[in-house]
Amino acid sequence: MTNEIDFDELISKYKSDPFDYVDVLAVHTGRVSFKVMEGAEVEAASGQWRQIPGTVLYEINRERNPKFISAQTNGTVAEINRELDGQFVEAGEKLMTIKHPLKKKEIIENILKDVLSLFVAPETAKYFFAMDIQSRIDKKGPGAVTIASGDEVLTMSLMKRDTPVYYNGEKGVIHSIYFKPGVSVAQGEPLLGICAADKLSIIQKIITRVKADWDTDH
Amino acid sequence: MVDNNPSPEMVLDYLRAEQQSVLRQLSSPIDPSDVFRYGACIGTSIKVHSTLPRAMEHARTLINDIARNKRSVATGTVILADSMTQSKGRFSRSWHAPDGGVWGCLIHGNNLLPESRHFIPMATGVACCETVRQYVGDAATLRWVNDVLVSGQKLAGFLVESYTEPIHSEEFTLVGFGININNSSFPKELAGLALSLKQFLRHSIDLSDFTARFLAKLAWNFGLLYHEEAKHLKGDGYSGQDGEHFILSRWKQLSDTIGQDVVYGFDVMTAPQYAGYACGVDESGGLVIQLPDGYKKTEYSGEVRYQTR
């Protein structure tokens, strides 16, 4: 966790530019054809399982197998690599950028991700707390549960094979929980945000400041 | 005096019989000698007990004790107990384990690649279902991922857990098994849900003989995991139908999940999440469930219960 936190710098960064810039990359090699223009408003996938597709961004066609790729985040198309329209591209090539307006909650989460020690998913799987940790959370709440390197904190469940996951970061309390039991977490995505006990008050100040400085949720 | 006391020789004899039956098939896509060689370590050491609190916990203690003596527990070691006093299923569910059942744990040294380990739970369910079918025929089926049902009631369940011993950090897979054989009383909450082989057949069977058959099937199916891995690494693909993993093909033949209306949940007993139609499994064994709006969701964890139509 960062020792020195410059509140004003953090807040002014999000005040002056309350957006995330999300790059849209080619999902695989193929010939691309753009379906949106720069400045277009796009909608993210929606529905309980995100099963309702968002705005179609581009079509990619490889070996006569065309696919329409839709937006995963809402916002405005900020930049588009027009010269790639109709061209054959490699997997992972940047096609466009979506400017996503951040909500107050997202700003707090982004700041916390900068200042907390993140413990990330070792594999794409479902996660739940180890029984001992869960019972301590049930009794005291996550903010009162301290974990240290080597502690068994989670169980990773994949095809009914359960693997204990050991924490390997600095000692601290569980400040943020980024997973829900039963919902799959992609490899590398954060599972927990850990905060050294003596930094908890600083974190709380950040949250209070952001809540006070942003009047509305948008 | 221990009731369930199969010998490694009994297991080996049944494993040889399995190998011979595949050798007799004219066009089997698998090499039975390879499968035999890979799987033969399962059941070479069988430790029997009249009672234990929990077999999985006992396995961890055994692994650690041997590691402290600068040795490694033999892969394929099996721990059996006639009864268990603190057995549990997944999450915090209790598992009733009185005399008469097959209760225990297999210790498997982890030397499979992650994509092969993925199939261990299915291989375990296949092994048990194949064994039970020797007694009840097609009445035994598999419910995704590896519950063994007989006439729709649960006969066997499994726990598969990874364990890294703390002394040398050697990784193991522990396969816990609970199979209702000659036990015939269940707690009230399991009435109508659980069944023993004795209840179905209306007579007891030889417990040690059943266990030896099951361990031989386990050895065979673990051997298949290695066989498939080696074949795939050589670039020859898998041996199952349309190039899929052989364990997956076998699972499809034994399972009645596809085509069922199901309720899905990570812990379906206490927190069912949604209902849908089980329309298939993908190449890695994930269950594809079609929701009422037509959307198809693939689950790689959790469990299902069937809904009556």
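Residues numbered from 1 in each chain as written. Chains lettered and ligands numbered in written order. Predicted model: local features only at pLDDT ≥ 70, side-chain atom pairs only at ≥ 80, totals over all residues. Heavy atoms only, no water.

**Q** What am I meant to see in the overall build of chain A here?
**A** If you tally the helices and strands in chain A, you get four helices and 15 strands. Considered along the principal axes of its C-alpha atoms, chain A spans approximately 55 × 45 × 30 Å. Sorting the 218 residues of chain A into buried and exposed places 43% on the buried side. In chain A, the proportion of contacts linking residues at least 24 apart, taken out of those at least 6 apart, comes to 71%. Looking at chain A as shown, the accessible area adds up to about 11500 Å², and 50% of this sits on carbon and sulfur atoms. (Helix = DSSP H or I, 4+ residues; strand = E, 2+ residues; numbered from the N terminus. Buried < 20%, exposed > 50% of the residue type's maximum accessible area, 1.4 Å probe, protein only. Contact = heavy atoms within 4.5 Å. Areas by Shrake-Rupley, 256 points an atom, 1.4 Å probe, with all protein chains shown as cover.)

**Q** What's the story with the nonpolar core in this structure? I'm lost.
**A** A general tendency of soluble globular proteins is for nonpolar side chains to be buried together. Ranked by internal contacts, the top residues of the largest apolar core, which has 69 residues, are M122, V132, W144, I179, F210 and F214 of chain B. Broken down by element, the residue count for this core peaks at 13 residues, all from helix 7 (residues 207–233) of chain B. Each of two domains, domain 1 (8–253) and domain 2 (257–306) of chain B, supplies a minimum of three residues to this core. Those residues within four positions of M122 of chain B in sequence are excluded, and the remaining contacts are M159 of chain A together with W144, V145, I247, L248, W251 and G285 of chain B. Core analysis: the second largest hydrophobic core is formed by 22 residues, A125, F129, M156 and I194 of chain A among them. (Core = buried A, V, L, I, M, F, W, Y, C linked by side-chain atoms within 4.5 Å. Domains from an automatic or database assignment.)

**Q** Where do I start with the packing of aromatic side chains in this structure?
**A** Aromatic ring pairs are described here by two measures, namely the spacing of the ring centres and the angle between the planes. Inspection of every chain in the model, using the stated rule, returns eight aromatic pairs over all chains. With a centroid separation of 5.3 Å and 65 degrees between ring planes, the pair formed by F128 of chain A and F266 of chain B is classed as edge-to-face. Of the two residues, F128 of chain A is situated in strand 10 (residues 126–129) and F266 of chain B in the loop between strand 8 (261–265) and strand 9 (274–281); the pairing between them involves two chains. What makes F128 of chain A buried here is its relative accessible area of 17%. Where Y135 of chain B meets F210 of chain B, the ring centres are 5.5 Å apart and the plane angle is 45 degrees; that geometry is what we call tilted. Highlighted residues: Y135 of chain B in helix 5 (residues 120–136) and F210 of chain B in helix 7, separated in sequence by 75 residues. Look at Y135 of chain B and you get partly exposed, because its relative accessible area is 23%. (Phe/Tyr/Trp six-rings, centres within 6.5 Å; stacked < 30°, edge-to-face > 60°.)

**Q** Even after reading the chapter, I still don't get the interface of chain B and chain A, so can you show me in this structure?
**A** The partner chain A presents 15 residues to the 29 residues of chain B that form the contact. Looking at the side of chain B facing chain A, the largest losses of area belong to R90, S162 and F266 of chain B, adding up to 23% of the total buried there. If you look at where chain B meets chain A, you find two salt bridges. Where K160 of chain A meets D147 of chain B, a salt bridge forms, and the shortest distance between an N and an O atom there is 3.1 Å. Seen at the junction of chain B and chain A, the total is nine residue pairs in polar contact (both at pLDDT 80 or more). Listing elements by their share of the side of chain B that touches chain A, those giving two or more residues are helix 5, strand 6 (153–164) and strand 11 (296–299) of chain B. Among the residues making up the side of chain B that touches chain A, the classes are represented as 13 nonpolar, nine polar and seven charged. Bridging between strand 13 (residues 161–166) of chain A and strand 6 of chain B involves two bridges; their strand directions are parallel. Counted as the bridge partner of R161 of chain A is V160 of chain B from strand 6 of chain B. (Buried area = accessible area lost by both parts, 1.4 Å probe. Salt bridge = Lys/Arg side-chain N within 4 Å of Asp/Glu carboxyl O. Polar contact = N/O pair within 3.5 Å; in protein donor to acceptor, adjacent residues only side chain to side chain. Nonpolar A, V, L, I, M, F, W, Y, C, P; charged D, E, K, R; others polar. Pairing = 2+ DSSP bridges.)

**Q** I'm lost on the domain arrangement of chain B in this one. Help?
**A** When the parts of a complex come together, some accessible area is lost, and that lost area is often used as the size of the interface. Residue and element names in this part refer to chain B. According to the domain assignment, chain B consists of domain 1 (8–253) and domain 2 (257–306). Computed from C-alpha atoms alone, the centre-to-centre distance between domain 1 and domain 2 is 24 Å. Taken together, the contacts link 15 residues of domain 1 with 22 residues of domain 2. Approximately 1400 Å² of surface area, both sides summed, lies buried where domain 1 meets domain 2, with 59% of it carried by carbon and sulfur atoms. D147 serves as the salt-bridge partner of R305, at 3.9 Å between the closest nitrogen and oxygen. Going through the elements one at a time, strand 4 (140–143), strand 5 (147–150) and helix 8 (246–254) are the ones with two or more residues in the side of domain 1 that touches domain 2. For the side of domain 1 that touches domain 2, the element with the most residues is helix 8, which contributes three residues. In terms of residue class, the side of domain 1 that touches domain 2 is made up of nine nonpolar, one polar and five charged.

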